[in-house]
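Residue-level structure breakdown
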Amino acid sequence: LKYKNEIIEFSKLLLSSSAHLGFASSGEAFKMAAALPLSPVSHQLCRRSNRFWYNAMTPRFCSPVFSTTSPCLIGVKGIGSSSQLRPRHPLISSASSTDYLLHDVGATVAVLGGAYALVLLFESLTKRDVIPQRLSRKLVHILSGLLFVLSWPIFSASTEARYFAAFVPLVNGLRLVVNGLSVSPNSTLIQSVTREGRPEELLKGPLFYVLALLVAAVFFWRDSPTGMISLAMMCGGDGIADIMGRKYGSYKIPYNPRKSLAGSISMFIFGFFISIGLLYYYSSLGYLHMNWETTFTRVAIVSLVATLVESLPITDQIDDNVSVPLATILAAYLSFGY
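Residues numbered from 1 in each chain as written. Predicted model: local features only at pLDDT ≥ 70, side-chain atom pairs only at ≥ 80, totals over all residues. Heavy atoms only, no water.

To continue, consider the nonpolar core. Within the largest apolar cluster, 53 residues are counted, with the highest numbers of intra-cluster contacts made by F148, W152, M228, L231, M234 and L279. Here L279 is in contact with P225, M228, I229, L288, M290, W292, T295, V299 and F336, once residues within four sequence places are set aside. In this structure, L118, F122, I131 and V140 belong to the second largest nonpolar core, which totals 5 residues. (Core = buried A, V, L, I, M, F, W, Y, C linked by side-chain atoms within 4.5 Å. Buried < 20%, exposed > 50% of the residue type's maximum accessible area, 1.4 Å probe, protein only. Contact = heavy atoms within 4.5 Å.)

Written out as structure tokens, the structure is:
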């Protein structure tokens, strides 16, 4: 009985609409209304000032019935009016798809351009001896992946948006393959992302790196914490661990003298805080709904697992850009469930 008046007014609206549209009965009008396509925008049956209201920012399972701007019910001007009810026209759906396509193409071009600009920036700094080549490589490792994750919200709400985003690491991966096979070697690229300046190195760590970005975008995207945390640990955690380990890594891990205690501690701390930052970022934008009472503990456990895997003496058998994201994905998926 809470919404008695509104339901009565809505029934009157359907009756008047059924007569206007030539339905034999109001039952046919109800059938037509039930068959209307839902918009990808969230709608909700809200209670504001004792009447229904349209709210595009509310959760799923919502009602679109009284929105004058809803693409599902075009032409409904208000409660109690005799405005026409008509389903979305195919041309409107086509126009919406075209808008999404143009939006995602523009976003892809922007992100791809930003990725190239970042690499060129550090190449220039290295040539001018502003920063050493090793530090430049690690900063590219840290920033390129994290900036890629942060760019996901600029893509559209379409289901295909993730594939446009994945096109960026795909292009970079093809570039690495071409240069790694010496088909068209680029000495500047080779020097900026490899340890020893050999083209074949591009087919190992750097290639695994961009594949991890691609997997995170395609399989997890912006509505799953798993992909975000995996990239936070691989890009931020592992990247900073190398920098801190080389600078303060006098104390080595007993079971792996190639890894330092300072590096592992740095990976855990920075990986944890970068992961929390990404989750908060996407929660504030409405893509994630986190239970923060348990999220901190879960992220800490995942960070610890990734740090332990990175510290193992298995680098010669499996690259860190493979072991760290795989371990993080497994731990995060078991922890968060999606």
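In the sheet, strand β1 (residues 252-253) pairs with strand β2 (residues 256-260) via 2 bridges, with the strands oriented antiparallel. Counted as the bridge partner of I253 is N256 from β2. Where β1 folds back onto β2 in an antiparallel hairpin, the turn is made up of 2 residues. (Pairing = 2+ DSSP bridges. Helix = DSSP H or I, 4+ residues; strand = E, 2+ residues; numbered from the N terminus.)

To continue, consider the UniProt feature "transmembrane region" (unreviewed entry) in the chain. Residues given the UniProt feature "transmembrane region" (unreviewed entry) here are residues 105-126, 138-155, 202-221 and 265-283. Structurally, residues 138-155 is divided into 72% helix and 0% strand, and its ends, taken at the C-alpha atoms, are 27 Å apart. End C-alpha to end C-alpha, residues 265-283 measures 27 Å, and it is 100% helix and 0% strand. (UniProt positions renumbered as here; feature names shortened; annotations may be inferred.)

So, on to the packing of aromatic side chains. Evaluated as defined, the whole model comprises 11 aromatic pairs. Measuring from centroid to centroid gives 5.7 Å for F148 and W152, while their planes differ by 85°, and the two rings are edge-to-face. Across this residue pair, the class does not change: F148 and W152 are buried. Seen from their ring centres, Y281 and Y282 are 5.0 Å apart, and the 80° between their planes marks the pair as edge-to-face. Residue classification places Y281 among the partly exposed positions, given a relative accessible area of 27%. (Phe/Tyr/Trp six-rings, centres within 6.5 Å; stacked < 30°, edge-to-face > 60°.)

For D129, which is not glycine, the phi torsion reads 60° and is therefore positive. Here D129 falls in the exposed class, since its relative accessible area comes to 68%. Unlike most non-glycine residues, W221 shows phi in positive territory, near 60°. With respect to the helices and strands, W221 occurs in the loop between α7 (205-220) and α8 (225-248). Note on W221: relative accessible area 4%, which makes it buried.

As for its position among the elements, L304 is in helix α10 (residues 292-311). Between the alpha carbons of L304 and I269 there is a distance of 9.3 Å; along the sequence they are 35 residues apart.

Right, let's get into the side chain of N321. Inspection of the secondary structure puts N321 in helix α11 (residues 320-336). Residue N321 is classed as buried on the basis of its relative accessible area, which comes to 9%. At 2.9 Å, the side chain of N321 and the backbone oxygen of G205 are in polar contact. Leaving out residues up to four positions away in the same chain, N321 has contacts with H141, G205, P206, F208, Y209, A212, M234 and D238. (Polar contact = N/O pair within 3.5 Å; in protein donor to acceptor, adjacent residues only side chain to side chain.)

Moving on to the side chain of N172. Looking at the secondary structure, you find N172 in helix α5 (residues 161-180). The contact partners of N172, leaving out residues within four places of it in the chain, are A115, Y116 and V210.

Summary statistics for the chain give a mean pLDDT of 79 and a share of 70% for residues scoring 70 or more. Residue range residues 36-87 is modelled with pLDDT below 50. Its contacts to residues more than four positions away, or to other chains, number 100 contacts. (pLDDT = per-residue confidence, 0-100.)

Here we come to the packing of α10 against α11. At a minimum axis separation of 9 Å, α10 and α11 run at an interaxial angle of 150°. When the interaxial angle is binned, α10 and α11 end up roughly antiparallel. Between α10 and α11 the crossing geometry is right-handed. Residues T295, R298, V299, V302, V305, A306, V309 and E310 of α10 form the contact with α11, whose own contacting residues are D320, S323, V324, A327, T328, A331, A332, S335 and F336. Residues belonging to the contact of α10 with α11 are distributed by class as follows: 10 nonpolar, 4 polar and 3 charged. (Axes fitted to C-alpha atoms, helices over the stretch in contact; angles between N-to-C directions. Parallel < 35°, antiparallel > 145°, perpendicular 65-115°, else oblique. Left-handed = near helix turned anticlockwise from the far one by under 90°. Nonpolar A, V, L, I, M, F, W, Y, C, P; charged D, E, K, R; others polar.)

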